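Read off the chains here:
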Amino acid sequence: MRVPFGRQRVVGVVVALADQTEVPDAKLRDVQQVLDAAPVFSAAELALLTWAADYYHHPVGEVFAAALPRLLRAGHDAIAMQVVWFVTEDAAPALADGQLRRAPRQLALLQLLGAGALGEQQLDAALPGWRPAARELLKRGLLRHVAAPTATLHAQVTQREAGPPLNQAQQQAVAAVAAQANKPGAFLLDGVTGSGKTEVYLQLAAQTLQHDQSVLVLCPEIGLTPQLVQRFGQRFAGTIAALHSGLTDRERLDAWRAAASGAARIVIGTRSAVFAPMHSLGLIIVDEEHDSSYKQQEGGFRYSARDLALLRGQRAQAPVLLGSATPSFESLYNVSQGRMTRLQLPERAGNAQPPALTVVDMRAHAVHRGLSTPLLSAMDRHLAQGAQVLLYLNRRGYAPTLLCTSCGWTAQCGSCDARLTVHQRADVLACHHCGAQQQRPERCPRCGYEVRPLGHGTERVEETLAQRFPGLAVERFDRDILRAQDALEGAIHRVHSGAARILVGTQMLTKGHHFPDVTLVGILNADQSLFSTDFRATERLAQTIVQVAGRAGRADRPGEVIIQSQYPDHPLLRTLLTQGYEGFAASAMTERDQARWPPFLRMAVLRASDTTPQGAMQFLDAARKAAGSVDGVELRGPVPAAMTRRADRYHAQLLIESDQRTRLQRFLSQWIPRVETQPARGKLRWVLDVDPLEVF
């Protein structure tokens, strides 16, 4: 409803009613407008949102805002309306008397509507240019129009095809989840890359739709949404709603309405789609469940869509299927605790075989601008066979550093504790943390000597490949060049058509794409996370290596993966090569348990930032003192963040740990109100992050 708020009029959500209040009558103000006759949240959806607000200790109004399209928050109708035209009682006599013989357009429109009322979109299709005639008939009292809801709660979804036959492991996975229909159940579909997880999703969706229930599918990236929509659209005839931040405000509202009304029985979307309104929810699928994109890590409301999907399924009495070739340690831990059932797809679908993995010692081979001799030789061989090659480097730009070869000066960001990245094509230096840009200097500003780019990014690798393989098209995948959705779709089309022979890119290439002609994958720098202070760094690196390696040899051709490293004997790499991701995960989980890190520990982080180095630390010191001493809860810090200065703000954090989730939540519920009373001087900002992915 729309209510007065100071000098403004704002839209609010009514969550409860009361027949009395302690507020004096003189201070009460009337509601100005009730916008929706029916609730925008069902009882189950409201309960989920209020639970999320309590668990993440975030204002409930901002949680509601995260679940609603912007236009709905601005006051648009929750139910899509259409203008319906119909004839009046005077229409039949007018037709019989021949009053419209000299107005053929009016006559045609009256005859058309005489058979039944029609919406404006139907009239546009049946009688283009009908509006002038309608205005005249409206003046004569022969037509009327009303606003009516467009949606239906009984949308039909039919299956276009049965799909390919399933192998035994796929059949067992489908049967296990289907047996849990209309009951809460959490499943981890642990399938190697190319094992046919999507086909399992489609088969389960078909069974769910046959029972007149809805399916919610989450994917981690906007770039993966179109291909999932396409796969589901090829299998099912009916409205499929896509929900993600790449949509316009109008498209997002239309998709939300289609889901809310039941017109769309299948909803596919990114993180925020976990809040999508669903009619008779029967199945939730979380694809690539390990992906960090499911956790909101910026802004205020820092929630995990994967975790909320599990809760939503439990409350809706619907099974939840988490799929991944590299399951998160949290999911593996839940399997070990009996909270989740593990379903495995150990083999690739069809005749595809796992790729052969090799580690190249960068210290023992000649290297040409980041590409080792063994890798270049393998590229020559695979390209000569007509295949495609994929090179992965998680570093965009031309080079990560601009260095003076005389005095050692490096280009630093003026607002962050970070070096500026060289972007050759744009001829600028850019900070990848705050977005600042400046012109690239031709000489060292300190000594006037020559400056050179140091290191390699995807832009520099692309340049090297164009020189080394003239005549072969190179397609680059990173945010610098593929910002728009249509640009990404165009690049993927060029790969599938064979126009692009060599692919080079960042993590954008590792997530869910199917490139059947790629037979060689090169991982150019596997060492970036081997010695990180972040306890999750090796887990992410292992997941990335396995995911990007899985792009090779997905069809009938055998695949090959070459991993370049300065540390070929590192235990992580050796374990991955000899025991695979499962062996690595078992070893790493033991280390996590011994070190008392998640998932064996529950954690929250209080983060603060200020425009002065002292402000954030002083605030966190006061917050820690306000906590006092609590059994079973330990506070660590405060300490400055690993990158203390970002965007001209100084960051620090306070870590809160407990062995028990309930004990941690009880403490936070009592402590956060005290934190809110602490004086926040100047421009200090703070936020609580429950179950953080990053703590350094």
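Further up the page is the structure itself.
Residues numbered from 1 in each chain as written. Predicted model: local features only at pLDDT ≥ 70, side-chain atom pairs only at ≥ 80, totals over all residues. Heavy atoms only, no water.

1. Some remarks on the packing of helix α1 (residues 43–55) against helix α12 (residues 305–315)
For step 1, the next point in the chain: α12 packs onto α1 with a crossing angle of 140 degrees between their chain directions and a minimal axis gap of 11 Å. Taken as axis vectors, α1 and α12 run oblique relative to one another. By crossing handedness, the relation of α1 to α12 is classed as right-handed. The segment α1 lies against α12, with Glu45, Ala47, Leu48, Trp51 and Ala52 engaging Leu308, Leu311, Arg312 and Arg315.
For step 2, the next point in the chain: Taken together, the residues of the contact of α1 with α12 break down into six nonpolar, no polar and three charged. (Axes fitted to C-alpha atoms, helices over the stretch in contact; angles between N-to-C directions. Helix = DSSP H or I, 4+ residues; strand = E, 2+ residues; numbered from the N terminus. Parallel < 35°, antiparallel > 145°, perpendicular 65-115°, else oblique. Left-handed = near helix turned anticlockwise from the far one by under 90°. Contact = heavy atoms within 4.5 Å. Nonpolar A, V, L, I, M, F, W, Y, C, P; charged D, E, K, R; others polar.)

2. Some thoughts on the sheet that holds strand β28 (residues 602–610)
For step 1, the next point in the chain: Read across the open sheet, the four strands follow the order β29-β30-β28-β31; overall the sheet is antiparallel. Sheet topology places β29 (633–646) and β31 (685–690) at the edges, where each strand pairs with a single neighbour. Put simply, the sheet's adjacent strands are angled 20 degrees from each other on average, direction ignored.
For step 2, the next point in the chain: Here nine bridges tie β28 to strand β30 (residues 649–658), and the two strands are oriented antiparallel to one another. If you follow Ser609 over to β30, its bridge partner there is His651. (Pairing = 2+ DSSP bridges.)

3. Observations regarding the pattern of salt bridges
For step 1, the next point in the chain: On inspection of all chains with the given rule, the structure shows 33 salt bridges.
For step 2, the next point in the chain: Linking Asp689 and Lys295 is a salt bridge whose minimum nitrogen-to-oxygen distance equals 2.6 Å. Placement of the pair is Asp689 in strand β31 and Lys295 in the loop between β12 (281–287) and α12, with a sequence separation of 394 residues.
For step 3, the next point in the chain: A relative accessible area of 3% places Asp689 in the buried class.
For step 4, the next point in the chain: Assessed through its relative accessible area of 5%, Lys295 is described here as buried.
For step 5, the next point in the chain: With a closest N to O distance of 2.7 Å, Arg476 and Glu462 form a salt bridge. Residue Arg476 is located in strand β24 (residues 474–477), and its partner Glu462 is located in helix α15 (residues 458–468); the two are separated by 14 residues in the primary sequence.
For step 6, the next point in the chain: When its relative accessible area of 5% is taken as the criterion, Arg476 is described as buried.
For step 7, the next point in the chain: By relative accessible area, which is 14% here, Glu462 ends up buried.
For step 8, the next point in the chain: The network of salt bridges with common partners includes Arg425, Glu462, Arg476 and Asp478. (Salt bridge = Lys/Arg side-chain N within 4 Å of Asp/Glu carboxyl O. Buried < 20%, exposed > 50% of the residue type's maximum accessible area, 1.4 Å probe, protein only.)

4. Here's the deal with the pairing of strand β13 (residues 319–324)
Working note: regular strand, side chains alternate between the two faces of the sheet.
For step 1, the next point in the chain: A large share of β13 lies buried, amounting to six of its six residues.
For step 2, the next point in the chain: What you see with β13 is no split at all: Pro319, Leu321 and Gly323 on one side and Val320, Leu322 and Ser324 on the other are buried throughout.
For step 3, the next point in the chain: Here β12 pairs with β13 via four bridges, running parallel. Among the inter-strand pairings, Ile284 is bridged to a residue of β13, identified as Val320.
For step 4, the next point in the chain: Following the backbone out of β12, through α12 and into the adjacent parallel β13, one traces a crossover that is right-handed. (Right-handed = clockwise from strand over helix to strand, strands pointing away.)

5. What to know about the packing of aromatic side chains
For step 1, the next point in the chain: On inspection of all chains with the given rule, the structure shows 16 aromatic pairs.
For step 2, the next point in the chain: Look at Trp51 and Tyr55: their rings are 4.9 Å apart centre to centre, the planes differ by 10 degrees, and that puts the pair in the stacked class. Separated by four residues within a single helix, Trp51 and Tyr55 lie in helix α1, roughly one turn from each other.
For step 3, the next point in the chain: Here a set of aromatic residues connected by ring pairs shows up, and it is made of Trp51, Tyr55, Tyr56, Phe275, Phe301 and Tyr303.
For step 4, the next point in the chain: In this arrangement the basic side chain of Arg468 is found over the ring face of Phe469, its NZ or CZ atom lying 4.8 Å from the centre. (Phe/Tyr/Trp six-rings, centres within 6.5 Å; stacked < 30°, edge-to-face > 60°. Lys NZ or Arg CZ within 6 Å of the ring centre and 35° of its normal.)

6. Quick look at the nonpolar core
For step 1, the next point in the chain: Counting residues in each nonpolar core, the largest one holds 137 residues, and the members touching the most others are Phe232 and Trp671.
For step 2, the next point in the chain: Apart from residues no more than four positions distant in its own chain, Phe232 is found in contact with Tyr201, Leu202, Ala205, Val217, Ile240, Ile266 and Ile268. (Core = buried A, V, L, I, M, F, W, Y, C linked by side-chain atoms within 4.5 Å.)

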